[in-house]
Amino acid sequence: MAMEKRIEIFILTVDELVSRTRSLHDEGYRLVQICCSKVDESGKAVLELDYTFDKHYNLYNIRISIEEGAEIPSISEIFGSAFVYENEIHDLYGVSIQGISIDYRGNFYKTAMPHPFTQD
Amino acid sequence: MGKQTIIPFGPQHPVLPEPLHLDLVLEDERIVDAIPSIGYVHRGLELLVSKKEYAEYVYVAERICGICSFMHGLGYCQAVEEIMEIQVPERALFLRTIWAELSRIHSHLMWFGLAADAFGLENLFMLSWRLRESVLDIIEETSGGRVIFGACKIGGVRRDISPETLRDMCQKLEKLKGHMDRLTGVFLNDRSVGYRLKGIGVLTREDAQRLGAVGPLLRASGVDMDMRRLGYAAYERLSFEPVTENDGDCYARCAVRARELYQSIDLIAQAVSMMPDGEVDTKVLGAPKGECFMRLEQPRGEVLYYVRADGTRYIERFRVRTPTFTNIPSMIHCLKGCDFSDVPNVILTIDPCISCIER
Amino acid sequence: MSFIAKSPWILHYDGSSCNGCDIETLACLTPVYDIERFGVINTGNPKHADILIVTGSVNHQNRDVLLNIYNQMPDPKAVIAVGICAITGGIFAECYNVLGGVDKVLPVDIYVPGCAARPEAIIDGIVKAIGILEMKHQNMRIKSKWRLRWPWKSELKFSY
């Protein structure tokens with residue numbers, strides 16, 4: 001059995017997200033991506049959002065955990081490119097994100113079923 | 001100020017072989033906004049990890065996109081290798097580099113053709129696609145496939161290239177350089193091409209950084225960023241300088257890709273001259289456990305893979321952030337303020353790959 | 001040989017393909033393979049087209065687009081499904097957003113297998129489709145002749 005590989009991720013609460021993102025922006029970081037994954041935590045479905053930033057080819061990761069259907073604040077006011085990721089997460093996972101700079105209101109990804117990535 | 005009109009663009013459009021839908025908001029002939037909506041090519045292949053074993057999934061990863069197919073396979077393999085801490089043989093790393101650069105050449109030549117078609121020079125389209133065929137011949141000779149190579153696997157590569165073939169390859173690419181001079185000469189020096197490209201769809205350095213542009217689009221705006229600097233595969237040992245231009249318009253993007261063609265040929269020549277002997281793959285045992293981010297430089301820019309595995313044969317979560325996806329905000333930004341007749345041009349100069357966006 | 005077989009125009013629509021078959025279809029039109037020697041021209045307008053080439057599988061989003069394009073094409077017309085995704089869904093058949101092959105939506109005349117389909121195979125498919133176009137054209141002519149002579153029999157059906 002191979003060793004378990006871990007990456008450096010800073011786990012934050014939802015309230016800390018915007019302030020940490022703003023300080024990263026001021027330090028000159030660039031938003032690489034926002035990724036959402038659905039994980040099972042002792043029988044309860046939890047959505048983990050990973051925010052990846054980059055500066056001089058080094059990655060800086062932030063992770064927040066939320067329950068399905070929870071609301072989180074948008075970071076698109078700080079990083080202009082965040083709106084595509086946030087719209088994607090809204091359309092595929094059904095996370096409602098408050099205050100996206102360009103909000104397509106669920107018309108970005110057109111799929112047969114709503115929030116397909118949360119289905120089992 | 002005229003009244004606003006909304007014109008739908010796509011999904012079936014003569015200029016794009018792929019289905020992209022944009023609602024263009026126009027004031028007279030000027031674009032004031034563009035609203036993309038995607039989902040025509042969405043397959044949901046990130047969810048396929050729960051149905052295919054991790055070693056099998058390489059085939060699916062290669063089919064995220066047929067143009068950068070080798071790079072997608074490479075990125076997925078590298079991510080899994082990183083988690084499992086597999087030492088890939090030296091020779092395999094060099095072979096991967098060669099194939100990656102070959103697919104960059106074929107992708108850029110293809111883009112030149114499509115761009116020429118978009119601004120109305122059909123014989124230039126034909127010329128660049130003819131040159132592209134000679135690259136595809138090399139790819140077919142070495143890997144067996146034309147667009148989907150199937151050459152990469154976890155732990156190495158599937159086939160070796162003989163020294164004679166490598167030598168031939170270098171000679172052919174050297175010859176191709178002469179033909180490419182003619183092609184890029186038209187793109188960069190012709191007056192009518194310049195008229196269609198210069199000053200169109202300008203993306204300034206600040207905007208490019210703010211909107212998170214990557215790849216040739218970013219480098220055309222004067223930012224020196226190239227993920228090959230991370231030194232994956234054999235790039236650590238090859239010397240190269242990222243190509244940058246300062247104008248940030250359609251012409252600068254053309255120039256960046258033109259110079260990258262020569263850079264790729266040079267990188268292949270370097271890799272061939274330094275090629276070590278030995279095995280091309282290692283045995284892979286067990287299953288991955290853990291998570292990792294992996295970044296590569298594709299023809300269209302930086303791509304990021306996220307793999308999370310729980311120690312079974314099936315990976316838990318696989319995510320790709322493709323370069324075109326992160327270039328959408330820049331594309332919308334470039335479209336605003338340009339003429340309706342320049343829309344195909346501007347869209348093509350970001351080199352959109354729709355099946356990459358939607359996965 | 002009727003006029004229709006001499007210069008059929010093709011229309012290419014990308015379903016949810018990975019681009020592999022699309023670039024191979026485009027490669028057929030360019031110098032090395034050059035399908036223009038059979039008089040085939042790629043067009044962007046469905047009303048000008050005789051042959052519809054579909055690459056990639058069908059999903060809920062693009063089935064209406066496909067039907068729309070197909071209905072706009074004038075008769076006689078032929079449909080070619082290029083690549084394994086367009087035939088059955090291929091490697092993506094298990095994906096949640098994929099309905100399956102093109103024949104779930106349109107009547108397909110020619111199936112061109114491959115992942116990605118090779119240009120030689122696509123050219124072969126197009127040449128076969130020209131034969132089908134010719135046949136459909138003949139049937140249409142017979143039908144219209146009958147309609148002139150025996151208008152009361154106009155509901156006669158001819159299977160292609």
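Before reading further, recall that the structure is shown in the block above.
Fair warning: this is a prediction, and the values are worked out from it, not measured in the lab.

A. How the structure looks around the overall build of chain B. For chain B, the count of helices and strands is 12 helices and 8 strands. At 20 Å, chain B has a C-alpha radius of gyration in line with the 21 Å of a compact globule built from 359 residues. Principal-axis analysis of the C-alpha atoms gives chain B an extent of 65 × 45 × 35 Å. Here chain B, with 359 residues, has 68% of them falling under the buried criterion.

B. Up close: the interface of chain B and chain C. Residue-level contacts link 39 residues of chain B with 39 residues of chain C. For the pair chain B and chain C, the two sides together bury roughly 3200 Å², of which 63% comes from carbon and sulfur. Counting across the interface, chain B meets chain C through 3 salt bridges. Glu94 of chain C is paired through a salt bridge with Lys52 of chain B; the nearest N and O atoms lie 3.2 Å apart. Along the contact surface separating chain B from chain C lie 10 residue pairs in polar contact (both at pLDDT 80 or more). If you list the elements that add at least two residues to the side of chain B that touches chain C, you get helix H1 (57–62), helix H3 (90–118) and helix H4 (122–143) of chain B. Of the residues forming the side of chain B that touches chain C, the biggest block, 7 residues, is contributed by H4 of chain B. Split by residue class, the side of chain B that touches chain C holds 22 nonpolar, 7 polar and 10 charged.

C. A look at the pattern of salt bridges. Under the defined criterion, the tally for this structure stands at 39 salt bridges over all chains. Across the salt bridge formed by Asp54 of chain A and Arg30 of chain A, the nearest N and O atoms sit 3.5 Å from each other. Placement of the pair is Asp54 of chain A in strand S3 (residues 44–55) and Arg30 of chain A in strand S2 (residues 30–41), with a sequence separation of 24 residues. Using a relative accessible area of 5% as the deciding quantity, one classes Asp54 of chain A as buried. A salt bridge links Arg63 of chain A to Glu291 of chain B; its shortest N-O distance comes to 3.1 Å. Of this pair, Arg63 of chain A sits in strand S4 (residues 58–67) while Glu291 of chain B sits in strand S6 (residues 289–298), on two different chains. Considered together, Arg63 of chain A and Glu291 of chain B belong to a single accessibility category, that of buried residues. Each of Glu101, Arg104, Arg219, Asp226, Arg228, Glu260 and Glu297 of chain B takes part in one network of salt bridges that share partners.

The rules we used
Residues numbered from 1 in each chain as written. Chains lettered and ligands numbered in written order. Predicted model: local features only at pLDDT ≥ 70, side-chain atom pairs only at ≥ 80, totals over all residues. Heavy atoms only, no water. Helix = DSSP H or I, 4+ residues; strand = E, 2+ residues; numbered from the N terminus. Rg over C-alpha atoms; globule rule 2.2 N^0.38 Å. Buried < 20%, exposed > 50% of the residue type's maximum accessible area, 1.4 Å probe, protein only. Contact = heavy atoms within 4.5 Å. Buried area = accessible area lost by both parts, 1.4 Å probe. Salt bridge = Lys/Arg side-chain N within 4 Å of Asp/Glu carboxyl O. Polar contact = N/O pair within 3.5 Å; in protein donor to acceptor, adjacent residues only side chain to side chain. Nonpolar A, V, L, I, M, F, W, Y, C, P; charged D, E, K, R; others polar.

Geometric descriptors of this kind do not, in isolation, establish any biological role.
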